[in-house]
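Close look at the chain arrangement
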Amino acid sequence: MPHEPTSVSAAAIPRPRIPSDGPSGAGSPTFPDGDPRARHDGIGWVTRAVFPDRSLRLTVGDGTDHTPVRYAVIPSLGHARFLLPLASRTVTAASLLAYNALRPPKVRASRAAIGLLARAGALGLTRAPVLSVHGGPLLWDHLAELLGVDRLHAAIGIRPPDPHHKPTLQLFDDHGRPRGYAKIGWNDGTRAMVRAEAATLTDLPEPSGDLPATPRLALHTRWQDREVAVIEPMPRSVRRIRRPGTPRIEAMLAVARRGGPPAPPRPFGESSFLDTWRRRATGAPQPTSTAQPTGTAQPTGTAQPTDTPQTTGRPQTTDAPQPTGAPHTTGTPHTTGTPHTTGTPHTTGTPHTTGTPHTTGTPHTTGTPHTTGTQQPTGTVTIGAAIEALVARDGDLELEFGDWHGDWVPWNMARHRGGLLVWDWENRAPDVPVGFDLAHQAFQTALSTHGRPAAACAAAVDEALHSHGAALGLGPRRQRLVADAYLVELWLRTYELSAGGAGWNPKLHPALLHVLAQRLAG
């Protein structure tokens, strides 16, 4: 049964947390000088999340060939992007070359060159520092036992600190064969995301026709206080998609309909989707301005503050490892309370679409500081008023409702055997307006790839729906409704993520409320 999100009052929204903070109310653990876990950058938070046991000793620069676990820090300690396992030439080269065809040309060439050095035993020419791990057991030792593999080695991607990012490990055996991708939930929100991904990967229909294939769940487990999902490796023959800016409309429809026939349309104003929105909006922060869209009513009633931030029960976005060089999709609309399928194979060390727990689904851009303020300037609208404005304007319009992927962007998909392979399903949800995936691709591409402001991203959504909406059964009025509804969904996920401890994403809040006020006025 789907879980409904728990509303959190504005006063309960905490400051952002990264792995150094520990559970709410707990003091931050400390590590010795020289231990990379004491750092405040990407390598610091990732090593804290992956190596939480204080009995382990992590050092940089003093490893020898006899140290059990060693990593080359690529390209340098101060600009780390990748921890490359030095278990053997075979494993090191495989960590660089596996799925290299998915990466952009410049990244592919760089990885190929370093992979050749690794195979030749000449990796020292890169002058990369060496990180050594003393002690154990380690997470992948536990995973090897559960998966029935003699031994596993983990290649680890490094990303900027962010409270809704999940470290992803690319797992290899002694022969350099890919064995899967391990996603690690380290705080309340990311643990919920991993649980949801594990649940929903088992719920996806088998691929057929235009329905894309997806890597499946291999293992779901807990280790210490970490929630871990291992996703099957992608086929080695996957390739980058051609024309990434062209929406895959047939595949979107197949996902929406789960490979079956279209659902009968229902009035937007009478939909269960709208009921869920209203529950999620309860208790959302109120702006200091009283400006509202014309003709809308303010919803009454607010939820009691909760003692601790909670995830809304629907993990979203994904953190799936993606091919290096892929932009993060910021904030992905989340699912309506249903297990999201996720899982997504990606290659480690690469920017990815940020996944974010349903407590949020909220797009945010990696590495950008989140502010915790909730005041909104004049010209904004409360989210409750925006919802009621949509109902007043378009409540009589009938829409088809169905599933959506929730983070449908070009860097979460690949070509395989003439079809499409799609990963990072953490935000999948049922019973949403058909067309949300198209809107999401347009908004996130404009935001993450081109760095456009929220208003320009909303205009990109309008353009995409104008160009392709008819193929989804959407006439002009329905295109406008789907576009505005997507923006409401995106803000709700941003709010839910902030309530989970990540703070407000300044690119989306209060900008989305400004955009909605302008679009719904009059």
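Below you will find a few notes about this structure. (Residues numbered from 1 in each chain as written. Predicted model: local features only at pLDDT ≥ 70, side-chain atom pairs only at ≥ 80, totals over all residues. Heavy atoms only, no water.)

**Some words on the sheet that holds strand β7 (residues 178-185)**
The nine strands are arranged β1-β4-β2-β3-β5-β6-β7-β9-β8 in an open sheet whose pairing can be described as antiparallel. Each edge of the sheet is formed by a strand with only one pairing partner; in this case those strands are β1 (57-60) and β8 (217-223). Going across the sheet, the axis of each strand differs from the next one's by a mean of 25°, ignoring polarity. Taken together, the six bridges between β8 and strand β9 (residues 226-231) define a ladder with antiparallel strand orientation. Bridging across to β9, H220 finds its partner in A229. Here helix α4 (residues 139-147) sits on the sheet and contacts β2 (69-74), β5 (153-157), β6 (168-172), β7, β8 and β9; the angle it forms with β8, its principal contact strand, is near 130°. Contacting β7, β8 and β9, helix α5 (residues 188-201) runs over the sheet at an angle of about 35° to β9. (Pairing = 2+ DSSP bridges. Helix = DSSP H or I, 4+ residues; strand = E, 2+ residues; numbered from the N terminus. Axes fitted to C-alpha atoms, helices over the stretch in contact; angles between N-to-C directions. Contact = heavy atoms within 4.5 Å.)

**A word on the pairing of β9**
Of all six residues making up β9, six are buried, and the element is well covered by its neighbours. Side chains R226, V228 and V230 project from β9 onto one buried face, and the interleaved E227, A229 and I231 project onto a second face that is buried too. Counting the residues that bridge the hairpin from β8 to β9 gives two residues, and of these Q224 lies at a positive phi of roughly 55°. (Buried < 20%, exposed > 50% of the residue type's maximum accessible area, 1.4 Å probe, protein only.)

**Observations regarding the nonpolar core**
Residues F268, W277, I383, F443 and W491 are the most contacted members of the largest nonpolar core, which totals 75 residues. Sort the elements by how many residues they give to this core and helix α11 (residues 476-502) lands first, with eleven residues. Counting residues in each nonpolar core, the second largest holds 34 residues, with L56, L58, A80 and L143 among its members. (Core = buried A, V, L, I, M, F, W, Y, C linked by side-chain atoms within 4.5 Å.)

**Brief notes about unusual backbone geometry**
Residue I74 is joined to P75 through a cis peptide bond whose omega torsion reads -5°. The omega torsion of the bond from G136 to P137 falls at 5°, within 30 degrees of zero and hence cis. Structurally, P137 is set in the loop between β4 (130-134) and α4. Notably, R243 is not glycine yet its phi reads approximately 50°, a positive angle. Along the chain, R243 turns up in the loop between β9 and α6 (249-256). The exposure class assigned to R243 is exposed, which follows from its relative accessible area of 59%. You will see that D424, though not glycine, has its phi angle at about 60°, which is positive. Locating D424 in the fold gives a position in the loop between β14 (419-422) and β15 (429-433). On the basis of relative accessible area, D424 is assigned to the buried category, the value being 0%.

**Side note on α4**
Those residues of α4 that sit buried are L139, W140, L143 and A144. Down the axis of α4, the sector holding all buried residues measures 135°, keeping them to one side. A positive phi of about 70° marks G148, the residue just after α4. (Arc of directions from axis to C-beta.)

**Examining the environment of G475**
Considering the arrangement of structural elements, one finds G475 in the loop between α10 (454-468) and α11. With ten residues separating them in the primary sequence, G475 and L465 have C-alpha atoms 9.3 Å apart.

Structural measurements only, silent on function.
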